[in-house]
Amino acid sequence: MRKKIPIRIYLFTLSLLFTCTIPAWSQDETEKTKAIIFHSDSLFWNAYNTCDIEKFTVFFSDDIEFYHDKGGVTNGNAAFAESFKKNLCNNPDFRLRREVVDGTVKVYPLAKDNKIYGAIISGEHVFYVTEKGKSEYLDGRANFTH
């Protein structure tokens, strides 16, 4: 009489076998991609927070489509930069500062034929307003996907 293997042991063995067959290079490439995306994201938001329009526009292609829940769509990098110049960065007595909500940001590498060609980053962030003569205050919290 043949002894039956309990389903939980069978499933555990299958999952262990599957995880051991994932190529190490793909995990390394995934981690490298995530590190690059996190680093680039921090550089962009530093430029944003300091109103360095010239620095933050280098992160986007000329055909950017920026969708904002309150401001609508902005098409093109030049229009995107001009919008920030006119709205967020035109008054030195008013600044908007973005801060990521810890633990919410995730990076999802995109791959085809085992080659990473891009990534999606998403999470939550908060915005603080600083006005001359006033204490900084929380303006809002939002989700983002890039």
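Above this text you will find the structure in question.
Residues numbered from 1 in each chain as written. Predicted model: local features only at pLDDT ≥ 70, side-chain atom pairs only at ≥ 80, totals over all residues. Heavy atoms only, no water.

A. The arrangement of the pairing of strand β2 (residues 72-75) in detail. The pairing of strand β1 (residues 65-68) with β2 spans four bridges and is antiparallel. What sits directly across from F66, in β2, is T74. Taking the residues that link successive antiparallel strands as the turn, the β1-β2 hairpin has three residues. (Pairing = 2+ DSSP bridges. Helix = DSSP H or I, 4+ residues; strand = E, 2+ residues; numbered from the N terminus.)

B. Broad picture of the pattern of salt bridges. All chains considered together, the criterion is met by six salt bridges. One salt bridge connects E29 with K32, and the closest N-O pair in it is separated by 3.7 Å. With E29 and K32 both in helix α2 (residues 24-49) and three residues apart, the pair spans about one turn of that helix. E29 gets classed as partly exposed once you look at its relative accessible area, which sits at 34%. A salt bridge links R141 to E124, with the nearest nitrogen and oxygen atoms 2.7 Å apart. (Salt bridge = Lys/Arg side-chain N within 4 Å of Asp/Glu carboxyl O. Buried < 20%, exposed > 50% of the residue type's maximum accessible area, 1.4 Å probe, protein only.)

C. Here's a closer look at the environment of V100. Here V100 is to be found in strand β3 (residues 94-100). The class for V100 is partly exposed, based on a relative accessible area of 30%. Ignoring sequence-local partners within four residues, the contact set of V100 consists of V105, E124 and H125. (Contact = heavy atoms within 4.5 Å.)

D. Quick peek at the packing of aromatic side chains. Counting across every chain of the model gives 16 aromatic pairs. Taking 6.0 Å as the distance between ring centres and 80 degrees as the angle between the ring planes, the aromatic pair formed by F44 and F59 counts as edge-to-face. You can see F44 sitting in helix α2 and its partner F59 sitting in the loop between α3 (53-57) and β1, a full 15 residues away along the chain. Considering the side-chain rings of Y48 and F56, the 6.4 Å spacing of their centres and the 50 degrees angle between planes classify their relative orientation as tilted. (Phe/Tyr/Trp six-rings, centres within 6.5 Å; stacked < 30°, edge-to-face > 60°.)

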